[in-house]
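# Residue-level structural notes
Chain residues, written in single-letter form:
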Protein chains: 2
Amino acid sequence: MGKEKSDKPAFQLKVPKGTKDWEGKDMVIRDKIFAQITEVFKRHGAVTIDTPVFELKEILSGKYGEDSKLIYDLADQGGELCSLRYDLTVPFARWLAMNSSIQSIKRYHIAKVYRRDQPAMSKGRMREFYQCDFDIAGTYDPMLPDAEIIRITCEIFESLGWQGRYTIKINHRKILDGIFSVCGVPQDKLRTISSAVDKLDKSPWTDVRKEMTEEKGLDPEVADRIGEYVTKKGGRELLEVLTNDMKLSTNESAKAGLADMDLLFTYLSSFDVLDRVSFDMSLARGLDYYTGVIYEVITEGSAPQTATDNQAKPKKESKKPAADGEEDDRSNDPSVGVGSVAAGGRYDNLVSMFSGKQQIPCVGISFGVDRIFSITKQRLASSPAAAAAIRTNEVDVYIMAFGGKGWKVKPKLPQQFKAAEANGVPFAVILGEDELKAGKCKIKEMGLPEGHAEKEGVMVELENLEQEVRGRIEKANARAGDALAGGMGGLSV
Amino acid sequence: MGKEKSDKPAFQLKVPKGTKDWEGKDMVIRDKIFAQITEVFKRHGAVTIDTPVFELKEILSGKYGEDSKLIYDLADQGGELCSLRYDLTVPFARWLAMNSSIQSIKRYHIAKVYRRDQPAMSKGRMREFYQCDFDIAGTYDPMLPDAEIIRITCEIFESLGWQGRYTIKINHRKILDGIFSVCGVPQDKLRTISSAVDKLDKSPWTDVRKEMTEEKGLDPEVADRIGEYVTKKGGRELLEVLTNDMKLSTNESAKAGLADMDLLFTYLSSFDVLDRVSFDMSLARGLDYYTGVIYEVITEGSAPQTATDNQAKPKKESKKPAADGEEDDRSNDPSVGVGSVAAGGRYDNLVSMFSGKQQIPCVGISFGVDRIFSITKQRLASSPAAAAAIRTNEVDVYIMAFGGKGWKVKPKLPQQFKAAEANGVPFAVILGEDELKAGKCKIKEMGLPEGHAEKEGVMVELENLEQEVRGRIEKANARAGDALAGGMGGLSV
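Residues numbered from 1 in each chain as written. Chains lettered and ligands numbered in written order. Predicted model: local features only at pLDDT ≥ 70, side-chain atom pairs only at ≥ 80, totals over all residues. Heavy atoms only, no water.

### Examining the pattern of salt bridges
For the record, the criterion: What makes a salt bridge here is a side-chain nitrogen of Lys or Arg within 4 Å of a carboxyl oxygen of Asp or Glu, nothing more. We count a stretch as a helix when DSSP gives it H or I for four or more residues in a row; a strand needs E for two or more, and each element gets its number in order from the N terminus. Throughout this description, buried means an accessible area under 20% of the type-specific maximum (1.4 Å probe, protein chains only), exposed means over 50%, and partly exposed covers the range between.
This model, assessed by the stated rule, comprises 56 salt bridges over all chains. A:Glu155 is the partner of A:Arg151 in a salt bridge, and the nearest nitrogen-oxygen pair spans 2.7 Å. Here A:Arg151 and its partner A:Glu155 are both found in helix H5 (residues 144-159), four residues apart, which amounts to about one turn of the helix. Owing to a relative accessible area of 14%, A:Glu155 belongs among the buried residues under this scheme. Several salt bridges share partner residues, and in doing so they unite A:Arg30, A:Lys112, A:Glu128 and B:Asp50 into one network.

So this is what it looks like as structure tokens:
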């Protein structure tokens, strides 16, 4: 008894709540998504930087509004107080402030971030998750970097094979501020009313109005005026409507925002991406640091009524840090969408919060890879041929030996086959004593269907072995590539 | 005054002690080292897994002996207690224990690990640093995986261009245990005497003997007997000496270890790597979990007398967690080496510490990329041509426009050139109004020396533009590749 007890570890064998191990085909799919995104970033001239996983606690303070309570702190073991990074944007701004010789840069950063939130694994909402960020820092022609971000976003989703299946919602903080101002929102209610508006993607206007008036004490007439604006969405024609709006045209903030959007639409038209964009007045975004254009990308599965997205876009309600043991009961509902798959915007004042003086205007976007992964995997599930074509292992050929009088071989041949199959190695070359003497050996492709001409392998001359194997590998790779392209959209292999 | 004060952040703008931002060419060099190492891992059939950056605190408990005090804990913010991973080996063993269907695997993992140690940045000793781990788990022919690890290690350092500049020290825990036993070390002093032996790479025998007898209370005669064994090093002939040693041959542990080493040497000879290996009786390695062969790779610059290496091999003395403000005064001494660049060994019992029952024998090695990076960079510093050939940016051509009557261009041409140069873009294509009308444009290679025939650019027909640019890019890439190969050894680009 005593012995048996000491053999058992005294704790539960698991990963921390809201985290997971990545392995096997998931890892391969995720790496391919990274590769695809990185390729687009590099094509646009971006370089990458890598910042520490934790920052001084003070660096993160006051950047995330009420979401700050989701920040993971390190224990005070003596010395500096540190916190795990919450996103990649604040570390980038801190880096820019520390490297004042750099006045402009396009940088991308793919790394894990940490949020002590209630996890919902099936929706891709985790406590540890990857972000892929692309940001343009520096002074350029007005709205040109903002338009390039949208162009890049389109290139990425097209390269992932999402043609026609995503929408980039855009809005402008200055227009929103102008609307709130002309509608009569008191200065001290600006942020809380803005966060109520941001819920219009999940809740109908009547609910949002109720929150504004009953919970947040806004004058119902003011709420109704806001409602007229923020329920609008459209394209360039909406811009015209707003520009001709008598009330808005008296507001400097709104006018500046509308001028920006006009220029942005001109660039988007030149960049041939206007049709992917929806000018959506309900988009407000939670983070405090945005100052201009804001973006959010939704797709099929970003279920508008139920999704509680907080990775790319932190949600504002019910943000108690989750106690362990609790589980998000929606996490097993497969019909629940994954929220937005990318989000970002312009933040012109964040760097100067660190540097004290120097202002470097920035605009960027963050891709939620775990969510993109979830959707890619769902799509793969409907294509077994594509799923089967994903290999975790890059070994093409497994060399096996029969053994014979002259030589002993361990393990036995059936075990060798088992090992090759378990590892997903597609070809075997089988060396038998008699065949070798006759200058021959056998090539066998694993997993061929019954009745295939080469099902039992094919005997080839030793001197042609390399050429025979190479030819078959190329054909098999081409087949696997076709199957994958069918299942993963354009995700190249 | 008040305003100026509020502009300044109230804290120091820096990264946490012992961490750094990676950027620019450093990032490119590091990525190339990763790529080179990964290629070798994959060639040997390894798949990768990715574990969370933090584990339940209990998972790490009792695995690192007295180094446990260097573990970073997360603050207790409610819920599970977690710690940042200290290495990649323990998370791998935890993963194996959780995935009991996996009986054998070759896995690699490249990720950051965390140690709250006194940093010495110039030596590549950091609190946050990368490890590249390769491990073989499962039951195979005896010593075959152990030999493959050494073969892989050689392939990696050869591919990095370190031919003839590294040595793989090997020893065996069972031989050491046998030596301690026949010399008369009391059971309760085994680990502490072993860790004294491990200092023989930095300290002469007289110092180590003093530590054993004066600090650790070992009988001087026992120490002298140990001294006769552990100061030996050599090749296969040393194995014969030990096998014929009368005292050792009575010890079961030593005999088992020597039989293992004999088989290992046979495989190393077949694998053509025997000459890279030094059988070094002074190698003991700190970590508790090793049970068989142990490895450590040193190179020029792993200065034997002064290096205090604790990444690949934790040192045992003066392991107080460093208070902040203190600085390691050796960190500015450029003559100080970086310690070992890779280390590992066999750990057959770690998985069963988690699973309770199931035993999965494992052997692996960890490459200290920050140290490999430091050495690569030192070598690059002596080759300016190679250093210059490293590009942070993969854009080949910058398109510039003069503008003219018909079209306005911003920014002006000199600013466009400045941007191209700052970004390290090697070619410019310059569009001028008159030239375009004549069906021509200019290609200019950046940074050509004075007097070069194409220094001022070359005018080409628009219809040949693509071909003309392509040809020049290929030539330039070939030149850069040659320069890099000269400076970085075999590090391919």
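### Here's the deal with the packing of H5(A) against helix H11 (residues 252-270) of chain A
Two packed helices can be described by the angle between their axes and the distance between those axes. Residue and element names in this part refer to chain A. To keep it simple, the criterion reads: Note on method: axes are straight lines fitted to C-alpha atoms, helices fitted across the in-contact stretch only, with angles between N-to-C directions ranging 0 to 180 degrees. Orientation is classified from the angle alone, with under 35 degrees giving roughly parallel, over 145 giving roughly antiparallel, 65 to 115 giving roughly perpendicular, and any other angle giving oblique. Should the near helix be turned anticlockwise from the far one by less than a right angle, the crossing is left-handed, and should it be turned clockwise, the crossing is right-handed. Whether two residues are in contact is decided by their heavy atoms, any of which lying within 4.5 Å being enough.
One way to put it is that H5 packs onto H11 with a least axis distance of 9 Å and a crossing angle of 45°. Taken together, the axes of H5 and H11 lie oblique to each other. Helix-helix and strand crossings are classified by hand; for H5 and H11 the assignment is right-handed. Here Leu144, Asp146, Ala147 and Ile150 of H5 lie close against H11, whose contacting residues are Leu264, Tyr267 and Leu268.

### Brief notes about the interface of chain A and chain B
By convention, interface size is frequently given as the accessible area that disappears when the constituent parts associate. We apply this condition: Summed over both partners, the accessible surface that disappears when two parts come together, traced with a 1.4 Å probe, is what is meant by buried area. For the purposes of these results, a polar contact is taken to be a pair of N or O atoms within 3.5 Å, where, inside protein, one atom must be able to donate a hydrogen and its partner to accept one; residues adjacent in sequence count only when each atom of the pair is a side-chain atom.
Listed as interface residues are 67 residues of chain A and, on the opposing side, 67 residues of chain B. Summing the contributions of chain A and of chain B, the shared interface buries around 5,800 Å²; its carbon and sulfur component is 55%. When residues of chain A are sorted by the area they lose upon contact with chain B, A:Leu13, A:Asp50 and A:Gln77 head the list and together hold 12% of the total. Here chain A is connected to chain B by eight salt bridges. A:Lys14 is paired through a salt bridge with B:Glu80; the nearest N and O atoms lie 2.5 Å apart. For the pair chain A and chain B, the interface holds 26 residue pairs in polar contact (both at pLDDT 80 or more).

### Digging into the sheet that holds strand S4 (residues 105-114) of chain B
All names here are of chain B. Our working definition: Each pair of strands is called paired provided DSSP finds at least two bridges between the two strands.
Across the sheet, which stays open at both edges, the nine strands sit in the order S1-S4-S5-S11-S10-S9-S6-S8-S7 with mixed pairing between neighbours. Single-partner strands in this sheet number two, and they are strand S1 (47-48) and strand S7 (233-234). Across two bridges, S7 lies against strand S8 (residues 277-280) in antiparallel orientation. Residue pairing for S8: Gly234 is matched across the bridge by Phe279. Against the sheet, helix H6 (residues 173-183) touches strand S6 (166-172), S8 and strand S9 (293-299), its axis set at about 55° to S6. Lying on the sheet, helix H13 (residues 369-381) is in contact with strand S5 (128-137), S9 and strand S11 (362-368); it crosses S11 at an angle near 40°.

### As for the domain arrangement of chain A
Rules: Each domain's extent was defined by an automatic or database domain assignment.
What the domain assignment lists for chain A is domain 1 (24-306 + 334-382) and domain 2 (392-488). Its C-alpha centre places domain 1 of chain A at a distance of 50 Å from the equivalent point of domain 2 of chain A.

### Notes on the UniProt feature "binding site: L-histidine" (unreviewed entry) in chain A
All names here are of chain A. Let me state the cut-off plainly: UniProt positions are given in the numbering used here, feature names are shortened, and annotations may be inferred rather than shown by experiment.
The feature "binding site: L-histidine" (unreviewed entry), as annotated in UniProt, sits at Asp87, Leu88, Thr89, Arg115, Gln131, Asp135, Arg285, Tyr289 and Tyr290 in this numbering. Inspection of the secondary structure puts Asp87 in the loop between strand S3 (82-84) and helix H4 (89-98). Ignoring anything within four residues of it in the chain, the contact list for Asp87 reads Tyr64, Val113, Arg115, Gln131 and Tyr289. Looking at where Gln131 falls in the secondary structure, it is placed in strand S5 (residues 128-137).

### What about the relation of the copies chain A and chain B?
We count it as follows: The atoms used to superpose the copies are C-alpha atoms, taken from residues with pLDDT of at least 70 in both, and the fit is least squares.
Between the two copies, chain A and chain B, the superposition gives an RMSD of 0.0 Å; the rotation angle is 180° and the shift along the axis is 0.0 Å. One copy is carried onto the other by what is essentially a two-fold rotation axis. Mapped onto chain B, 100% of the interface residues of chain A again fall at the interface, so both copies present the same surface.

### Considering the packing of helix H6 (residues 173-183) of chain A against H11(A)
Residues and elements named next belong to chain A. Note the following rule: Gly is put with the polar residues, along with every residue not named as nonpolar or charged; the nonpolar set is Ala, Val, Leu, Ile, Met, Phe, Trp, Tyr, Cys and Pro, and the charged set is Asp, Glu, Lys and Arg.
Viewed as axis vectors pointing N to C, H6 and H11 meet at an angle of 150°, and their least axial separation amounts to 7 Å. Taken together, the axes of H6 and H11 are roughly antiparallel relative to one another. Crossing angle aside, the handedness with which H6 passes H11 is left-handed. Facing H6, whose interface residues are Lys174, Ile175, Asp177 and Gly178, H11 presents Ser253, Ala254, Ala256, Gly257, Leu258 and Met261. A breakdown of the residues in the contact of H6 with H11 according to their chemical character gives five nonpolar, three polar and two charged.

### What about helix H11 (residues 252-270) of chain B?
Residues and elements named next belong to chain B. Note the following rule: A helix is expected to span 1.5 Å for every residue after the first.
A rise of 1.5 Å per residue sets the reference length of H11, with its 19 residues, at 27 Å; its end C-alpha atoms lie 28 Å apart and thus fit the reference within 8%. For H11, the set of buried residues is Ala254, Gly257, Leu258, Met261, Leu264, Phe265, Tyr267 and Leu268. On its buried face, H11 is in contact with helix H5 (144-159), S6, H6, helix H10 (236-243), S8 and S9. N-cap assignment for H11: the residue whose side-chain oxygen lies 2.9 Å from the backbone N of Ser253 is Asn251. Looking one or two places after H11, you find Asp272, whose phi comes out positive at around 65°.

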